[in-house]
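For reference, the chains in residue letters:
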Protein chains: 4
Amino acid sequence: MFQKRFILLLKTHKNVFQQRNLSADVGFIGIGNMGVRMANNLVKKGRKLKVYDVSKAAAQSVTGAHVCSTPEEAATDVDLVITMLPEGATVKKVLTADDGILKGINKNSLLIDSSTIDPLDAQELHKITKEAGIKFLDTPVSGGVIGAEAGTLTFMVGGDEGVAKKVEPYLMQMGGRIMHCGGPGAGQIAKLCNNLILGISMIGIAEGMNLGAKMGLDLNTLNNVINTSTGRCWSSDTCNPVPGIMPNVPASNNYDGGFQTKLIAKDLALAQNVAVSCGAPILLGSAAHQIFRTMAAYGYANKDFSAVYKFLQGQN
Amino acid sequence: MFQKRFILLLKTHKNVFQQRNLSADVGFIGIGNMGVRMANNLVKKGRKLKVYDVSKAAAQSVTGAHVCSTPEEAATDVDLVITMLPEGATVKKVLTADDGILKGINKNSLLIDSSTIDPLDAQELHKITKEAGIKFLDTPVSGGVIGAEAGTLTFMVGGDEGVAKKVEPYLMQMGGRIMHCGGPGAGQIAKLCNNLILGISMIGIAEGMNLGAKMGLDLNTLNNVINTSTGRCWSSDTCNPVPGIMPNVPASNNYDGGFQTKLIAKDLALAQNVAVSCGAPILLGSAAHQIFRTMAAYGYANKDFSAVYKFLQGQN
Amino acid sequence: MFQKRFILLLKTHKNVFQQRNLSADVGFIGIGNMGVRMANNLVKKGRKLKVYDVSKAAAQSVTGAHVCSTPEEAATDVDLVITMLPEGATVKKVLTADDGILKGINKNSLLIDSSTIDPLDAQELHKITKEAGIKFLDTPVSGGVIGAEAGTLTFMVGGDEGVAKKVEPYLMQMGGRIMHCGGPGAGQIAKLCNNLILGISMIGIAEGMNLGAKMGLDLNTLNNVINTSTGRCWSSDTCNPVPGIMPNVPASNNYDGGFQTKLIAKDLALAQNVAVSCGAPILLGSAAHQIFRTMAAYGYANKDFSAVYKFLQGQN
Amino acid sequence: MFQKRFILLLKTHKNVFQQRNLSADVGFIGIGNMGVRMANNLVKKGRKLKVYDVSKAAAQSVTGAHVCSTPEEAATDVDLVITMLPEGATVKKVLTADDGILKGINKNSLLIDSSTIDPLDAQELHKITKEAGIKFLDTPVSGGVIGAEAGTLTFMVGGDEGVAKKVEPYLMQMGGRIMHCGGPGAGQIAKLCNNLILGISMIGIAEGMNLGAKMGLDLNTLNNVINTSTGRCWSSDTCNPVPGIMPNVPASNNYDGGFQTKLIAKDLALAQNVAVSCGAPILLGSAAHQIFRTMAAYGYANKDFSAVYKFLQGQN
């Protein structure tokens with residue numbers, strides 16, 4: 001109790017006041033595996049950052065950034081606020097809490113959420129920010145930790161195009177491509193639609209290759225056939241799930257790195273919710289979801305999702 | 001050349017016995033939707049054909065070909081015998097019947113089967129022909145009626161490479177590409193593996209696009225996102241299932257033409273049998289099979305399989 | 001009757017304060033298709049009711065009950081408060097709103113929620129009520145509108161057994177059976193586990209019967225075989241999906257009445273969420289969910305879920 | 001040639017002659033795990049048996065039976081011939097081979113096939129035997145090795161009812177129940193329909209119980225709820241897949257005994273073929289098939305199929 005009053009005292013009289021007035025280019029909230037790499041890239045490109053994370057240690061891992069005590073502080077006196085958080089409820093809380101973004105953010109600042117969250121939550125964020133008079137975009141990314149590190153992420157953007165134009169210079173310092181997908185939530189929806197297809201086609205390639213292998217085909221030959229035929233897809237020609245077919249893919253690196261099974265399972269769960277909300281049947285998407293869930297139950301949660309090839313091989 | 005004129009002379013003046021000795025370049029057995037087009041292309045490229053089909057009318061539809069009364073007759077005194085039939089049991093029967101191919105075929109002739117059949121049946125055909133001292137290849141095609149018409153089929157070849165080299169000039173008169181897939185049955189296996197993946201990824205694209213549509217996305221935009229992302233596949237960038245996204249695809253032509261739902265369902269049934277025989281789980285392949293079966297129960301049997309997009313839209 | 005007129009008199013002449021002090025046995029909140037029947041049964045058995053619904057007209061449909069203006073009012077001065085609402089978020093809102101249950105409920109009153117909601121939401125309700133010092137149970141029902149009308153519902157109860165004992169007399173006036181399933185949320189979890197199995201086995205019976213029919217079997221004979229064999233289940237021996245096999249089931253009544261397809265789809269969506277939360281793969285459950293979703297897209301949303309038999313028959 | 005004549009000489013003059021004329025009640029062909037138990041029961045009940053198996057050692061394992069050298073011999077001079085073989089092609093071969101059943105069987109003898117085979121094969125057997133003037137029934141069994149041992153098998157009978165009446169006394173010496181399912185092949189079809197449902201509902205129970213367990217429910221309680229609710233089925237109330245819930249079921253015996261995963265997978269493969277032949281979608285049946293196939297890839301091929309509960313638990 002004493003301690004708290006003492007801090008309040010400090011806040012009133014000294015450095016916290018100054019902290020709040022510290023101006024920076026970007027306020028970055030959520031310093032996880034993705035966030036730290038994105039934030040570091042912004043710093044490298046010359047942006048001044050204020051960062052916040054529930055874990056102070058995490059926040060401190062961004063080189064040269066000013067560590068803040070609250071989302072409010074990180075959102076104060078910056079041109080752009082970026083959130084990169086695990087789920088929609090967290091983003092909403094960080095936005096609307098007593099010490100949240102909306103308390104600090106300037107009406108001229110821009111706000112983007114690069115988390116992968118339920119599109120319905122994203123649309124609620126658009127509504128809340130609109131009512132608060134804040135310009136907001138949903139800007140989920142694809143490319144994973146590797147893309148975040150290399151600064152080659154793809155941003156899928158939902159919301160006003162004019163706002164998107166203004167945010168572009170920042171995004172291009174963290175990524176290699178920006179795709180404007182439509183209005184509020186469209187970035188999230190497009191990402192989920194893409195990942196739904198990705199999960200399905202990766203399992204498809206794994207099933208086809210495993211079937212060919214068990215029937216005695218040479219898999220390099222089979223993959224050439226597929227890649228020049230109607231079975232061709234990103235999972236066959238860019239991120240093949242069979243070890244040794246392609247270098248520098250997770251399959252050739254013990255399924256480490258890449259897009260973790262638990263993360264595509266999370267995306268497919270979101271897709272499932274969205275599909276229910278709008279009455280779209282996703283027969284294979286739902287089956288794919290369960291296959292990744294089953295894989296997780298067999299030790300593959302942290303492996304790249306292309307490990308479905310190995311899962312199908314079994315253990316006899 | 002002299003020999004042929006002489007024979008024609010005989011034909012005019014003499015009897016059916018002599019017809020049986022008529023020599024030609026190719027004996028073509030099985031004049032269905034695919035066969036008639038493939039045979040016509042051979043004739044156009046200057047090959048002399050003897051043809052046989054259970055339906056004499058069908059056989060007569062090949063311009064300029066000699067119509068035979070039995071498979072034996074069609075297989076006699078030709079350089080190459082081609083079979084293009086609906087299923088393995090039929091091919092086997094046409095091969096081994098009392099008036100079958102093996103009764104007529106010359107030891108120096110080549111024999112290829114371009115039907116899509118169970119790889120296990122194909123391997124039995126390899127065994128039977130080997131015992132009979134006949135050079136044989138399984139050479140199923142992809143490209144459908146359109147590819148057969150245009151002479152742009154892809155041949156997937158299983159069997160001896162030396163034999164494949166000899167057959168190549170003929171195949172290139174009916175198709176645009178030859179892929180040697182491996183030993184006996186490898187052509188059939190590779191085709192099924194590819195079509196298994198194709199069936200799965202087409203449904204995947206349809207589910208993703210339908211989900212996007214129900215969530216209000218512009219589908220041209222969504223398709224651009226997919227085609228530049230990890231969801232990209234033949235079904236998104238070459239044969240999109242959404243009407244109006246691409247010209248000259250079945251989806252933009254009321255799902256007519258293309259690869260009929262009943263035919264991919266047939267291929268997936270074959271894949272299922274093969275998968276059972278070798279113990280390869282095909283969780284999505286099996287689900288895809290059932291989805292195409294269900295579509296067939298809703299009037300889509302003769303429509304292109306990309307009509308799964310329309311099937312998912314429902315009828316409310 | 002006298003009492004009611006007297007109350008109305010009071011209402012007319014006096015003030016809201018007195019209304020709030022009106023004492024009754026039960027406060028019933030949520031007067032939908034189920035709620036109205038359950039509430040009416042309580043009235044018939046002699047309970048005095050205070051009722052609330054967002055639709056005043058709905059609230060007025062309970063014969064002889066006092067219609068309240070807020071959940072708070074309905075929860076004031078009663079022995080038991082019952083909520084019967086469409087989803088967890090609504091129950092939480094009705095509980096915690098400024099004019100919500102917690103504002104009115106007496107510490108000695110009991111509170112039960114008979115809605116079918118996400119078990120994770122139910123567990124949150126247990127937590128909220130515990131902190132507020134209110135005795136709470138989750139008590140979802142099975143038996144549908146017919147069971148509600150007839151007073152034969154089954155209550156699946158989660159929470160303290162002592163509390164359950166006290167609530168029992170009320171439950172037995174609306175239902176025929178009470179099953180204590182375990183601690184907080186256990187009623188909801190058990191219901192979802194049961195309905196997951198139900199959805200799967202109903203589709204199983206429909207597939208088996210449809211297969212038998214297409215192969216020419218007499219379906220009465222086939223059903224006898226199943227009912228005396230290992231395929232026997234509630235969906236074969238109590239609520240058969242084939243029209244004409246059993247009287248008085250939805251299948252023999254144009255699939256009207258019973259358990260609507262959209263409602264089992266809702267339950268399977270909840271089961272899906274719960275399964276994701278605890279890492280339990282539900283491969284068939286998920287497929288069943290999608291089949292009911294697809295049925296809904298073909299006009300079966302308001303038909304009994306046994307109409308899956310008809311859906312499988314197709315439309316050719 | 002000489003050798004053969006020599007044998008014929010022996011046959012004419014000595015013991016083989018007598019063997020061929022040896023009269024018995026039943027000729028039993030196919031002495032595997034099931035056959036040996038069924039044959040032994042017939043012997044115990046006082047029937048004289050002639051037996052044949054490709055493995056002479058297997059044939060000799062039937063106590064007190066006369067071991068024959070050919071199916072023909074086993075079928076000669078008996079009242080009833082029974083076949084119990086692994087697949088349709090084998091039954092057909094044993095029937096029509098040069099030393100097959102049709103060569104030896106008397107026109108007044110009865111012939112039944114208790115193998116589980118493709119109904120389409122069974123219907124072909126009906127056709128072949130009809131042309132040969134032999135009375136034939138398809139009589140597949142359920143009950144497994146345990147039922148065969150105990151003499152409590154259920155026979156599902158397809159074909160003429162009059163013939164079925166005559167065969168009944170024999171069947172009741174090997175089993176506890178006879179169900180006449182309809183015309184030619186109906187026994188096989190009914191069995192497959194039942195086992196399709198069985199496979200689906202067993203997985204359903206396993207999914208529901210595993211979900212309940214992961215959510216913290218007591219499984220005895222949950223099973224009681226299910227057994228008194230709409231999820232009730234043979235897999236919940238008679239052969240529960242959770243260890244310890246019921247005594248004397250495979251789940252409580254390390255999943256040994258019972259109905260092996262590889263055998264239900266075989267039945268579901270047959271069901272799949274039949275479903276394709278008649279155009280019946282089996283969406284869950286097909287998924288169930290693949291789940292059992294996947295289980296087989298994880299070491300469960302020889303375990304009871306209720307081990308799907310354990311499979312779902314995973315290995316983390």
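Residues numbered from 1 in each chain as written. Chains lettered and ligands numbered in written order. Predicted model: local features only at pLDDT ≥ 70, side-chain atom pairs only at ≥ 80, totals over all residues. Heavy atoms only, no water.

Another point: the UniProt feature "active site" (unreviewed entry) in chain A. All names here are of chain A. When the UniProt feature table is mapped onto this chain, "active site" (unreviewed entry) is found at Lys 191. Summarising the element assignment, Lys 191 is placed in helix H11 (residues 186–214). What makes Lys 191 buried here is its relative accessible area of 9%. Ignoring sequence-local partners within four residues, the contact set of Lys 191 consists of Thr 116, Pro 140, Val 141, Met 156 and Asp 267. (UniProt positions renumbered as here; feature names shortened; annotations may be inferred. Helix = DSSP H or I, 4+ residues; strand = E, 2+ residues; numbered from the N terminus. Buried < 20%, exposed > 50% of the residue type's maximum accessible area, 1.4 Å probe, protein only. Contact = heavy atoms within 4.5 Å.)

Here the focus is the domain arrangement of chain A. Accessible area lost when the parts come together is the quantity often used to give the size of an interface. Residues and elements named next belong to chain A. The domain architecture assigned to chain A consists of domain 1 (2–183) and domain 2 (189–313). Taken over C-alpha atoms, the centre of domain 1 sits 32 Å from the centre of domain 2. Listed by partner, the interface residues are 12 residues for domain 1 and 11 residues for domain 2. Taken over both partners, the interface formed by domain 1 and domain 2 buries close to 950 Å², and the fraction arising from carbon and sulfur atoms is 68%. (Domains from an automatic or database assignment. Buried area = accessible area lost by both parts, 1.4 Å probe.)

In this assembly, 15 residues from chain B lie in contact with 14 residues from chain D. Taken together, both faces of the contact between chain B and chain D bury some 1,200 Å²; the carbon and sulfur share is 60%. For chain B, the biggest contributors to the area lost against chain D are Val276(B), Gln290(B) and Arg293(B); these three give 39% of the whole. There are zero salt bridges connecting chain B and chain D. Summed over the shared surface of chain B and chain D, the number is four residue pairs in polar contact (both at pLDDT 80 or more). Listing elements by their share of the side of chain B that touches chain D, those giving two or more residues are helix H14 (261–278) and helix H15 (283–300) of chain B. It is H15(B) that contributes the most residues to the side of chain B that touches chain D, eight residues altogether. Class assignment of the residues belonging to the side of chain B that touches chain D gives a composition of eight nonpolar, six polar and one charged. (Salt bridge = Lys/Arg side-chain N within 4 Å of Asp/Glu carboxyl O. Polar contact = N/O pair within 3.5 Å; in protein donor to acceptor, adjacent residues only side chain to side chain. Nonpolar A, V, L, I, M, F, W, Y, C, P; charged D, E, K, R; others polar.)

The subject of this paragraph is the UniProt feature "domain: 3-hydroxyisobutyrate dehydrogenase-like NAD-binding" (unreviewed entry) in chain A. In the numbering adopted here, UniProt assigns the feature "domain: 3-hydroxyisobutyrate dehydrogenase-like NAD-binding" (unreviewed entry) to residues 185–312 of chain A. Counting secondary structure, residues 185–312 of chain A comes out at 65% helix and 0% strand; the distance between its end C-alpha atoms is 35 Å.

Residue and element names in this part refer to chain D. Under the defined criterion, the tally for this structure stands at 22 aromatic pairs over all chains. Judged by centre distance (5.4 Å) and plane angle (65°), the rings of Phe 259 and Phe 305 are edge-to-face. Here the residue Phe 259 occupies a position in the loop between helix H13 (234–237) and helix H14 (261–278), and Phe 305 occupies one in the loop between helix H15 (283–297) and helix H16 (308–313), the gap between them amounting to 46 residues. Owing to a relative accessible area of 1%, Phe 305 belongs among the buried residues under this scheme. (Phe/Tyr/Trp six-rings, centres within 6.5 Å; stacked < 30°, edge-to-face > 60°.)

Take the pattern of salt bridges next. If you walk through the whole model with that rule in mind, you get 24 salt bridges over all chains. Two residues, Arg37(A) and Glu149(A), come together in a salt bridge whose shortest N-O distance is 2.8 Å. You can see Arg37(A) sitting in helix H3 (residues 33–44) and its partner Glu149(A) sitting in helix H9 (residues 144–150), a full 112 residues away along the chain. For Glu149(A), a relative accessible area of 46% puts it in the partly exposed group. The shortest N-O distance in the salt bridge between Arg232(C) and Asp237(D) comes to 3.0 Å. Here Arg232(C) is found in the loop between helix H12 (219–227) and helix H13 (234–237), whereas its partner Asp237(D) is found in helix H13 on a different chain. Looking at Asp237(D), the relative accessible area reads 26%, which means it is partly exposed.

This part covers the interface of chain B and chain A. Taken together, the 57 residues of chain B in the interface contact 58 residues of chain A. Three residues, Met215(B), Thr230(B) and Leu284(B), lead the burial of chain B against chain A; their summed loss comes to 14% of the area buried on that side. There are 18 residue pairs in polar contact (both at pLDDT 80 or more) connecting chain B and chain A. At the level of secondary structure, the elements contributing two or more residues to the side of chain B that touches chain A comprise strand S9 (175–182), helix H11 (186–214), helix H12 (219–227), helix H13 (234–237), H14 and H15 of chain B. Of the residues forming the side of chain B that touches chain A, the biggest block, 20 residues, is contributed by H11(B). Grouping the constituent residues of the side of chain B that touches chain A by class yields 35 nonpolar, 17 polar and five charged.

A separate point is the pairing of strand S1 (residues 26–29) of chain C. Regular strands place side chains that alternate from one sheet face to the opposite one. Residues and elements named next belong to chain C. Side chains Val 26 and Phe 28 project from S1 onto one buried face, and the interleaved Gly 27 and Ile 29 project onto a second face that is buried too. Bridge count between S1 and strand S4 (residues 80–83): four bridges; the pairing is parallel. Bridging from a neighbouring strand, Val 26 pairs with Leu 80 of S4. Pairing of S1 with strand S2 (residues 49–52) involves four bridges; the strand directions are parallel. (Pairing = 2+ DSSP bridges.)

Attention now moves to the side chain of Lys50(C). Residues and elements named next belong to chain C. Within the secondary structure, Lys 50 sits in strand S2. Glu 73 provides the closest opposite charge to the buried, unpaired Lys 50, separated from it by 5.7 Å. Polar contacts involving the side chain of Lys 50 include one to the main-chain carbonyl oxygen of Thr 76, which spans 2.7 Å. (Lys, Arg positive; Asp, Glu negative; His and termini not counted.)

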